[in-house]
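Inside the fold
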Amino acid sequence: HEIDFDAVSEFLFDEGVSSNSIENLIREIDELVRIAKWYQRFDNPSEFETVAYLAVPLLRALGWTPQKMAIEWNNVDVALFNQLPRKDENLSVVVEAKKKDNSCLTAFSQAQSYAEGKSNCMRLIVTDGLRYGVYLKRNGNFELHAYFSLTRLKSSYPIYECFGVKEALRAMTPEWVDEH
């Protein structure tokens, strides 16, 4: 079922995400939803536009700094690093973007191939700017952990057998640590 952003921010706070990051996210989310809905109605943005206007602002609002975010790094649309310098062993997350209306989940195999051999890369994020799929590495394999659409916040996706927006955003933060 659908949930509102207050429930999301409360969950993130309970999970230890900083008030500052949550406030940034609240400030940014309305604008991102507005852009996303405009794209839904009128336009088909390029993959680069999707990254620039939707994915990067969302990641910044979640607390990623420009120093730890590399765009178009070794063929990766957005590479997120847990620490500097930006090198393979510090790669924490691979973000793979697709053009809007191409199912973002189809980007999984490409994202997975970029993460291969990078032992600290435990997360993959696939997106078309509107929808986000978050995969976590479990027992050596990436599994879909959570999924959400900016324009329809849901608590879970039974069809994908995964969590919804709260767990997705939590797993997209720089502070995230897998407890499993």
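Basis of the calculations
Sequence positions are assigned chain by chain, starting from 1 and proceeding in written order. The model is predicted, so local features are restricted to residues of pLDDT at least 70 and side-chain atom pairs to those at 80 or more, both for listing and for counting; the totals for chains, interfaces and linings are taken over all residues. Where side-chain values are given, they derive from all heavy atoms of the structure, hydrogens and water being excluded. One side-chain nitrogen of Lys or Arg within 4 Å of one carboxyl oxygen of Asp or Glu is enough to make a salt bridge. The way it works is that DSSP assigns letters per residue, a run of H or I at least four long becomes a helix, a run of E at least two long becomes a strand, and they are numbered from the N terminus. Partly exposed residues are those whose accessible area sits between 20% and 50% of the maximum for their type, while under 20% is buried and over 50% is exposed, using a 1.4 Å probe and protein chains only. The reported arc concerns the directions from the helix axis to the C-beta atoms and nothing else. Only heavy atoms matter for contacts: two residues are in contact if any of them lie within 4.5 Å across the pair.

A few words on the pattern of salt bridges. In the structure shown here, the tally under the stated rule is 5 salt bridges. A salt bridge links E31 to R34, with the shortest nitrogen-to-oxygen separation between them at 3.4 Å. Of this pair, E31 and R34 both sit in helix α2 (residues 19-42), 3 residues apart, which is roughly one turn of the helix. For the salt bridge of K87 with E89, the shortest nitrogen-to-oxygen distance reads 3.3 Å. Among the residues examined, E89 registers a relative accessible area of 43% and is labelled partly exposed.

Mapped onto the fold, L84 is located in the loop between β2 (76-81) and β3 (91-97). Residue classification places L84 among the partly exposed positions, given a relative accessible area of 46%. For the pair L84 and V56, spaced 28 residues apart in the sequence, the C-alpha separation amounts to 19 Å.

Residues that lie three or four places apart on an α-helix share one face, since the helix turns once every 3.6 residues. Turning to helix α1 (residues 5-14), its buried residues number three or more, namely F5, V8, S9, F11 and L12. Buried residues in α1, looked at end-on, bunch into an arc of 160°, giving them a common side. Exposed residues pointing more than 90 degrees away from the buried face of α1 are listed as D6, E10 and D14. Looking at the buried side of α1, the elements it contacts are α2 and α5 (165-171). Where α1 ends, the next residue or the one after it, G16, has phi of about 95°, a positive value.

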